[in-house]
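# Overview (structure and organization)
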Amino acid sequence: MYRSPVDDILFTLKHVAGLADDAHVDADIVEAVIQEAGRFCDETIAPSAASGDRQGARLANGDVRAPDGWPDIYRQWAEAGWNGLAAPEAYGGQGLPHRLHIAAMEIWNGGSMAFALAPMLTTGAAEALAAHGSEALKATFLPNMVSGIWTGTMNLTEPHAGSDLGTLRTRAERRDDGSYRIFGQKIYITWGEHDLTDNIVHLVLARLADAPEGTRGISLFLVPKFLVNADGSLGARNDLFCHSIEDKLGIHASPTCTMIYGDGRFGAEPGAIGYLVGQENRGLACMFTMMNNARLAVGAQGVAMADAATQAALAYARERKQGKAPGSAAASPIIDHPDIARTLLAMKALTQGARAITYLCAEAVDRAHAADGEDKAHWQDRAALLTPIAKSFPTDVGVEVASLGIQVHGGMGYVEETGAARLLRDARIAPIYEGTNGIQAIDLVTRKLPLGHGAQVRGLIADLQAIAATVPASSNGTEMAQGEWGETGLKLSRALGHLSAATEWLMAEIAADRMTEALCGATSYQRLFGLALSGVLLAKGALVDAGDGRQDQRIALCRFFADHHLGEAAALAETICHGAASLKAARIALV
Ligand SMILES: Cc1cc2nc3c(=O)[nH]c(=O)nc-3n(C[C@H](O)[C@H](O)[C@H](O)COP(=O)(O)OP(=O)(O)OC[C@H]3O[C@@H](n4cnc5c(N)ncnc54)[C@H](O)[C@@H]3O)c2cc1C
């Protein structure tokens, strides 16, 4: 069963994502929070994951029930104060760094991704409300959302409006009392209805009749399941309900709901009562406050799935005996076979690289929060640049590593008994929601590379080159001594050279308005960036002697990654800079 990787998380937070020398944060608090989150998860959430997956969420007469026991687990979790880790203290939160929130998110997801989705969306919704809501709305809803007494949702998707939200049709009408009435259908709404809490606060994107076309005509509304009386007690049921829940590949315990707003079944007058968040027609910008941090939290889901899969595969590979490894006289545990060792090392290195990227992006969010002036703008841009990579690379790694985990288990991975299959089923959604990874690649190439006329991305690559330059050169004998870096430094700088060349090529294509050419290579570029970042961040950690006796392991893993994975960088750069013509020509093969 999953054990929260507390030591790895703490190490990465401190030595890769800057918490060790952050004067704003007490190291003891960081340790205490992560240790305690790990304990809660291992004792309470993780043991419920397999049964929750088997039973799933159930719908009857418009009511959705979470798996047996889950309302109680959620109550214990919220009462322990976990929901408000990074939320503002003014609303009952603890105001801790975003890095801690993301690390805790990784832990909850490692225990059960289906469970963690409820708090993930609640904290995102609370964040959007805190940033854009009126004082009255914040006073009424935020304290209960920060404490987790109520959950929050994010209602964007409609049947014809997925990646392209500009086409959404859910309608909003103004009322004289300043409220609005909402009418329409939303699909795929995570934890849109459930029995974990008494109330659910929906954030809904909708369009006013006189709104401009497209994304400039979308407004954001807060639409509670139950209206709230002046004294804070729950009032009438609002005119919205869950029509159905999806039968889907994974995250079975997380209800994915079709929500109907304003069909007149509740209340005197048809229309779900909603309250404007931010300004009319500026809803998408408000929602992006939520979506950027939600993207980072989805990245943490990928890390969590990858870590859980690695733990399970390692345990199985130590137990399972098959064949004789080279030099062995008796049946060997499969971990002794070079190919299985290679697979496990790939799983471990990819997981740790993905974790480092996610926390690095959270560090940029924290630094932007703490800084002012030019410094603030710099860190905001750094976070913006890293967000698509921190969403896509870890979620792709989550799928890749969960799939490798099944391979290590052989046939036992394909049957449900070991839990390896559940991890792959659960992990598979993360590259799809919160903006598909293809959409992240477009964002990275077309909106993030041009930040500061390219200064931000060049600055990041220069920072990475400076780290790579500090990796010591050491002998590259095949029977190497522990702690030797081999050609790691050289391979890191080569990978960064390919990243830099591909970056300049893409920026030139964009400047020349050759968008098709640039977009042909966008996903390859995103992967290249993720690989190069992983390699450098693994090195950044391995350069630190944290006094835990594990530095040699870290160096060895980093060297393995450089030898076995960074070779891909050259091929990716080649595809990015020279692959557009053949991609365009080969479209005839799709006819
Ligand atoms: C389990 C689950 C939970 C979800 N939870 C929520 C939720 O809580 N709230 C919510 O609002 N939504 C939610 N979603 C919806 C999710 O965010 C969307 O499925 C996602 O945004 C993709 O939209 P789509 O499914 O319509 O795919 P489409 O937009 O139709 O995309 C199909 C494919 O085309 C590609 N594509 C689309 N447009 C472009 C383009 N311009 N350029 C290049 N490629 C493109 C995509 O990358 C994708 O590969 C959830 C979905 C699922 C399955």
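Above this note sits the structure.
Residues numbered from 1 in each chain as written. Predicted model: local features only at pLDDT ≥ 70, side-chain atom pairs only at ≥ 80, totals over all residues. Heavy atoms only, no water.

### Brief notes about the environment of Ala 206
Put simply, the rule is: Note on conventions: DSSP H or I runs of at least 4 residues are helices, E runs of at least 2 residues are strands, and numbering of each starts at the N terminus. Only heavy atoms enter the contact rule, under which two residues are in contact if any of them lie within 4.5 Å.
Within the fold, Ala 206 resides in strand S6 (residues 200-208). Between the C-alpha atoms of Ala 206 and Pro 326, which are 120 residues apart in sequence, the distance is 64 Å. What Ala 206 contacts, discounting residues up to four positions off in sequence, is Leu 168, Thr 170, Arg 171, Ala 172, Gly 217, Ile 218, Ser 219 and Phe 221.

### Digging into empty space enclosed by the protein
Convention followed: A 1.4 Å probe that fits into a set of points on a 1 Å grid over the protein atoms alone but cannot get out defines a cavity; an open set with protein on both sides within 12 Å along at least five of seven lines defines a pocket, and lining residues are those with an atom within 4 Å of a point. Grid points are joined across faces, edges and corners, and a volume is the space filled by probe spheres set on the points. Under the convention adopted here, Pro, Cys and the residues Ala, Val, Leu, Ile, Met, Phe, Trp and Tyr are nonpolar, Asp, Glu, Lys and Arg are charged, and Gly plus all remaining residues are polar.
Enumeration according to the criterion identifies 4 cavities of 30 Å³ or more in this entry. There is about 160 Å³ of room inside the largest cavity. Together, 14 residues line the largest cavity, and Phe 11, Thr 12, Gln 352, Leu 538 and Arg 554 are the ones closest to its centre. Those elements giving two or more residues to the lining of the largest cavity turn out to be helix H1 (6-16), helix H9 (338-370), helix H17 (522-542) and helix H18 (551-564). Residues that form the lining of the largest cavity fall into these classes: 8 nonpolar, 3 polar and 3 charged.

### Focus: helix H6 (residues 113-132)
Selection rule: Multiplying 1.5 Å by the helix residue count minus one yields the expected span of that helix. Under the scheme applied here, a residue whose accessible area is under 20% of the maximum for its type counts as buried, over 50% as exposed, and between as partly exposed, the area being computed with a 1.4 Å probe on protein chains only.
Between its terminal C-alpha atoms H6 stretches 28 Å, which fits the 28 Å expected from 20 residues at 1.5 Å a residue. Taking burial as the measure, the 20 residues of H6 include 16 buried ones, the bulk of the element.

### Some thoughts on the pattern of salt bridges
Applicable threshold: Salt bridges are identified by distance alone: a Lys or Arg side-chain nitrogen within 4 Å of an Asp or Glu carboxyl oxygen.
Summed over all chains, the structure comprises 39 salt bridges. One salt bridge in this structure joins Arg 174 and Glu 280, with 2.9 Å as the shortest N-O distance. Residue Arg 174 is found in strand S4 (residues 171-174), and its partner Glu 280 is found in the loop between strand S12 (272-277) and helix H8 (283-319); the two are separated by 106 residues along the sequence. In this structure, Lys 225 engages Glu 193 in a salt bridge whose closest nitrogen and oxygen atoms are separated by 2.8 Å. Of this pair, Lys 225 sits in the loop between strand S7 (219-224) and strand S8 (226-228) while Glu 193 sits in the loop between strand S5 (180-190) and S6, and the two are 32 residues apart along the sequence. Residue class for Lys 225 comes out buried when judged on its relative accessible area of 7%.

### Digging into the environment of Thr 343
So the rule is basically this: In the analysis that follows, any N or O atom pair within 3.5 Å is treated as a polar contact, provided that within protein one partner can donate a hydrogen and the other can accept it, and provided that, for residues neighboring in sequence, both atoms belong to side chains.
Note on placement: Thr 343 falls in helix H9. Between the alpha carbons of Thr 343 and Val 408 there is a distance of 7.6 Å; along the sequence they are 65 residues apart. Engagement of the side chain of Thr 343 in a polar contact is seen with the backbone oxygen of Asp 339, the distance being 2.7 Å. A distance of 3.5 Å separates the side chain of Thr 343 from the side chain of Arg 342, its partner in a polar contact.

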